[in-house]
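Structure assessment
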Amino acid sequence: MPVSQIEDNLDPEKLPRHVAIIMDGNGRWAKRKGLPRIYGHKKGVEVAKSIIIKSRELNIPYLTLFAFSKENWQRPKTEVDTLLLLLKEYLQKELPLMIEKEIRLKIIGDTEDFPEELKKLIEQVEKKTENLKGMTLVLALSYSGRAEILRATKLLAEEVEKGKLSVKDINEELFRRFFYFPELPDPDLLIRTSGELRISNFLLYQLAYTEFYFTETLWPDFTEEEYLKALFSYQKRERRFGRIYEF
Ligand code: IPE
Ligand code: IPE
Ligand code: MG
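Since this is a predicted model, take the numbers as computed values, not measurements.

Structural notes on the site of ligand 1
In the neighbourhood of ligand 1, 13 residues make up the surrounding shell, with Asp24, Gly27, Arg28, Arg37 and Arg75 lying closest. In the model, an oxygen atom of ligand 1 is placed 2.9 Å from a nitrogen or oxygen of the Gly27 main chain. Notes on ligand 1: free accessible area 380 Å², of which the protein chains cover 87%. Broken down by secondary-structure element, the contributors of at least two residues to the shell around ligand 1 are helix H2 (26-32), helix H3 (37-57) and helix H4 (77-100). Element by element, the count of residues in the shell around ligand 1 is highest for H2, at 3 residues. Its residues placed into classes, the shell around ligand 1 shows 3 nonpolar, 5 polar and 5 charged.

Some words on the UniProt feature "active site" (unreviewed entry) in the protein chain
Here, the residues flagged by UniProt with the feature "active site" (unreviewed entry) are Asp24 and Asn72. Spatially, the listed residues are clustered: although they cover 49 residues, their C-alpha atoms lie within 12.1 Å of one another. Topologically, Asp24 is positioned in the loop between strand S1 (18-22) and H2. Of the residues examined, Asp24 reaches a relative accessible area of 17% and is grouped as buried.

Observations concerning helix H8 (residues 224-235)
Taking 1.5 Å per residue as the helical rise, H8 with its 12 residues ought to reach 16 Å, and the 17 Å between its terminal C-alpha atoms agrees with that figure. For H8, the set of buried residues is Glu226, Tyr227, Leu228, Ala230, Leu231, Ser233, Tyr234 and Gln235. Residues of H8 that are buried in the fold lie against helix H1 (3-9), S1, H3, strand S2 (62-69), strand S5 (189-192) and strand S6 (211-214).

Overview of the pairing of S5
Because side chains alternate across S5, one face comprises the buried residues Leu189 and Ile191, and the other comprises Leu190 and Arg192, equally buried. Relative to S5, S1 runs parallel, the two being bridged by 4 bridges. Looking at the pairing, Ile21 lines up with Ile191 of S5. Where S5 lies against S6, 4 bridges are found, and the strand directions are parallel. Residue Ile191 lies in a different strand from S6, and its bridge partner there is Tyr213.

About the thresholds
- The residue numbering used here restarts from 1 in each chain and proceeds along that chain's sequence as written.
- To read the labels, note that chains go from A and ligands from 1, taken in the order they are written.
- Predicted model: local features are reported for residues with pLDDT of at least 70 only, side-chain atom pairs are reported and counted for 80 or more only, and whole-chain, interface and lining totals are derived from all residues.
- Side-chain metrics rest on all non-hydrogen atoms present in the structure, leaving aside hydrogens and water.
- A molecule or strand has a residue near it when one of that residue's heavy atoms lies within 4 Å.
- Distance and chemistry together define a polar contact, namely a pair of N or O atoms within 3.5 Å, with one atom able to donate a hydrogen and the other to accept it when in protein, and with adjacent residues in sequence counting only for side-chain atoms on both sides.
- Where accessible areas are quoted, they stem from the Shrake-Rupley method and a 1.4 Å probe; at the residue level, only the protein chains shown are allowed to cover.
- Elements are defined by DSSP. Helices are runs of H or I of four residues or more, strands are runs of E of two residues or more, and each kind is numbered from the N terminus.
- Here the nonpolar group is Ala, Val, Leu, Ile, Met, Phe, Trp, Tyr, Cys and Pro; Asp, Glu, Lys and Arg are the charged ones; every other residue, Gly included, is treated as polar.
- UniProt positions are given in the numbering used here, feature names are shortened, and annotations may be inferred rather than shown by experiment.
- Buried, partly exposed and exposed residues are distinguished by accessible area as a fraction of the type maximum, computed with a 1.4 Å probe on protein chains only: under 20%, between the cut-offs, and over 50%, respectively.
- By this rule the span expected of a helix is its residue count minus one, scaled by 1.5 Å.
- Note on contacts: a residue pair is in contact if any heavy atoms of the two residues lie within 4.5 Å.
- At least two DSSP bridges between two strands are required for those strands to pair.

Below you can see the structure in the form of structure tokens.
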């Protein structure tokens, strides 16, 4: 199906409220071209921009991009430094476009791990976009699903210790209030590129009933067309949430 046709066939009423993406395969993309891995990351940023803009055009309320995992700190320093530099450049350059398109930025992850200057920049962009209502772009940075769950547990335990909460008050809704971004709804659709069939410690708690779309395409080759295909595939699924539907 040509792109325009896929878009025409999408039901605007049934689009996911929250799409989460594991943008994987930048290094392999560069290697296949005989280039250093950082070229893959550079191209990956361009692709991320186009998917952010497409999501906004489609009126998808929340888009979460896994940009840097807690485990990614174990990569060579030169690669980590390049990724941090690309992030800094992205935040500096794209702020006007985010404001124009009414995109609010939120970060999930342990941003304390970042250099002071980058932390400040993140805070500034979050602050300058906090009242924008078009779409929320969530960047997962130094993110680990297990770390998020443990952090929530500790924060909750502190409240109990201080006598501000009682054990009997603990339920799923209360627990979520201690996540990095409590308001974030669970993803309806998770996309992972590059052919890997795993979660890699992303949004472990939140993915309980998410629909998954895996593709062999490497992230730098991921197009708007393939994004539309993923959304189309999502719309054909029957989400049962454990129930059954009578004939
Ligand atoms: C995804 O691409 C980007 C990050 C994890 C930051 P990779 O860098 O993991 O690329 P591959 O998986 O090695 O090809
Ligand atoms: C997941 O990709 C993290 C990001 C996309 C930022 P990785 O490339 O780090 O995951 P593994 O190592 O293949 O599981
Ligand atoms: Mg990878």
